[in-house]
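Coordinates in review
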Amino acid sequence: MELFMASDWVEEEGKNADFGDQRLAKRFKRLLSDLYDLSRNSIPAACGGWNETLAAYRFFDHKKVTIKRVLSPHYEATLKRIKAAGVVLIAQVTTHLIREKTKQTELIRGIRATEKIKTFLHASVAFTPARTCLGVVSAEHWERKDKKDAVQQAMKPIEEKESVRWLEGYGAACAVQGLCPQTLVVSVSDRESDIHELYVEAQSYASPTRAGWIVRSKHDRQVEGKSTLRLRAYLEKTAVQGHTEFTLPASGNRPSRQVKQSLQAGLVPLKAVSHHNKVLEGTTIHAILVKELSAPEGEKAIEWLLLTNLPIDTPEQIETIIQWYRCRWEIEIYFRVLKNGCQVEKLQLETLERFEACLGIYMIVAWRLLFMTMLARQCPELPCDVILDEEEWQSLYITARQTAPPKIPPTLNEAIAMMAKLGGYLGRKHDGPPGTKTVWIGLQRTRDFTLAISGYKKSLEK
């Protein structure tokens, strides 16, 4: 738990930062702290002064500062957290980032033209099965130079496609597995990663470094030895092995509902496929078909076809794989924090290199915000000083309760609830636990109150 203490986390995430200059390493830690404290603010507002802002821009512009070097010490800290866990799910996904850049040319005096810049970020992020975020494992950011042509892409070998990043993401999970032999590492990804090359390549890793994998199927593949039978029909012929239930949360006009699904599973030999004058050998996988039994009228039944290399010998093992797949949604929440909480798409940085350096810092900030929220759900009785220093929790208490703070810190659950209410959380009886958005807004307000109360105390001492 000492890795997570509020006063130590910046030091831990910045430990062993190597930019070839100690001044750059010191500036990196300062920026990490400043941008975390005021993650929704612009860089000048977060840095708190013109000189500090100039220093931040010089840091991002330095040729030795890259997203790889920014994230490198965070990778090491994440690895320590992974080693302390029994099971770790590494979710990977690609998202796009759309920024609006101001051009130098003026349309009319005082008003400049703008252009939209679209880039892509593929990241692998580690979570526990209890959905606590442990940190980023790998990340790659790029700008697509030419318009993507679907026909031309289909003719290219996997090494020349953007989809090769799914193989690289699984490779990153295997690297983690090799470094954490006491932890079961499982790569989890959605439909875009359903590529035959992944299943073949996974077999090439030696057993000690071969991570588990769970992929939601997109393609209804051919089954070996069954000339006309495909994957879904093959599974539908197997016996129902049990049922699972979960609560589908409300979304828009759709109310929350209880979803009951049947489970069918089996060992499936996939047929070899030909692609780009190359034959990809067949392979055997485990497949699970999850079907909603009776969807409400007008609602689409919730069905998943999951592929994996994990054992499916018992209903308990099948249920576990399904639960682990559901955890994949946490990486979507991570990107929501990165985009909406850290406002990375509003960054006004002229070059791709500067943007990447700043993006790397915000990726660490997004991890911390998400980790803090989920830690409160998993360990509600911990004292809140595991994430807040004394001035912070006391200022939070004074603001939320309008009374003097106690000598003993309140629990983490109490502190997060107070913080979330500052961010707009109502806390009614039927409401669920505070979401990440209300917590991060409340955190920003807590920082402001801390500065105000601290400044007032200092004024009384003079």
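Presented here is a report on the structure given in the accompanying data block.

Conventions used here
- Residues numbered from 1 in each chain as written.
- Predicted model: local features only at pLDDT ≥ 70, side-chain atom pairs only at ≥ 80, totals over all residues.
- Heavy atoms only, no water.
- Helix = DSSP H or I, 4+ residues; strand = E, 2+ residues; numbered from the N terminus.
- Rg over C-alpha atoms; globule rule 2.2 N^0.38 Å.
- Buried < 20%, exposed > 50% of the residue type's maximum accessible area, 1.4 Å probe, protein only.
- Contact = heavy atoms within 4.5 Å.
- Areas by Shrake-Rupley, 256 points an atom, 1.4 Å probe, with all protein chains shown as cover.
- Lys, Arg positive; Asp, Glu negative; His and termini not counted.
- Charge placed at Lys NZ, Arg CZ, Asp CG, Glu CD.
- Phe/Tyr/Trp six-rings, centres within 6.5 Å; stacked < 30°, edge-to-face > 60°.
- Lys NZ or Arg CZ within 6 Å of the ring centre and 35° of its normal.
- Disulfide = S-S within 2.5 Å.

1. Quick notes on the overall build of the protein chain
A tally of regular secondary structure across the protein chain gives 15 helices and 11 strands. A compact globule built from 462 residues would reach a C-alpha radius of gyration of about 23 Å, and the protein chain, at 24 Å, matches this within 12%. For the protein chain, the C-alpha atoms occupy an extent of roughly 85 × 55 × 50 Å along the three principal directions. Buried residues in the protein chain amount to 48% of all 462 residues. Taking the contacts inside the protein chain whose residues are at least 6 apart along the sequence as the reference set, 66% of them involve residues at least 24 apart. Accessible surface, the protein chain as shown: approximately 23,100 Å² in total, 50% of it carbon and sulfur. Of the side-chain charges in the protein chain, 65 are positive and 56 negative, and the distance between the mean point of each set is 3 Å.

2. Observations concerning the packing of aromatic side chains
The description of an aromatic ring pair uses the distance of the two centres, along with the angle that the planes make with each other. Under the defined criterion, the tally for this structure stands at 12 aromatic pairs. Here the guanidinium or amino end of Arg99 rests over the ring plane of Phe355, the centre of that ring lying 3.9 Å away. Looking at Arg165, its charged tip hangs above the ring of Trp142, at a distance of 3.7 Å from the centre.

3. A closer look at the state of the cysteines
Overall, the coordinates contain 0 disulfides when judged by the stated rule. Distance from the sulfur of Cys379, which forms no disulfide, to the nearest cysteine sulfur (Cys384) is 14 Å.

4. Side note on the side chain of Ser395
For Ser395, the position within the fold is in helix H13 (residues 390-401). The exposure class of Ser395 is buried, given its relative accessible area of 4%. When residues no more than four places from it in sequence are discounted, the contact partners of Ser395 are Phe449, Thr450 and Ile453.

5. Some words on the environment of Gln444
With respect to the helices and strands, Gln444 occurs in helix H15 (residues 436-461). Overall, Gln444 belongs to the buried group, its relative accessible area being 6%.

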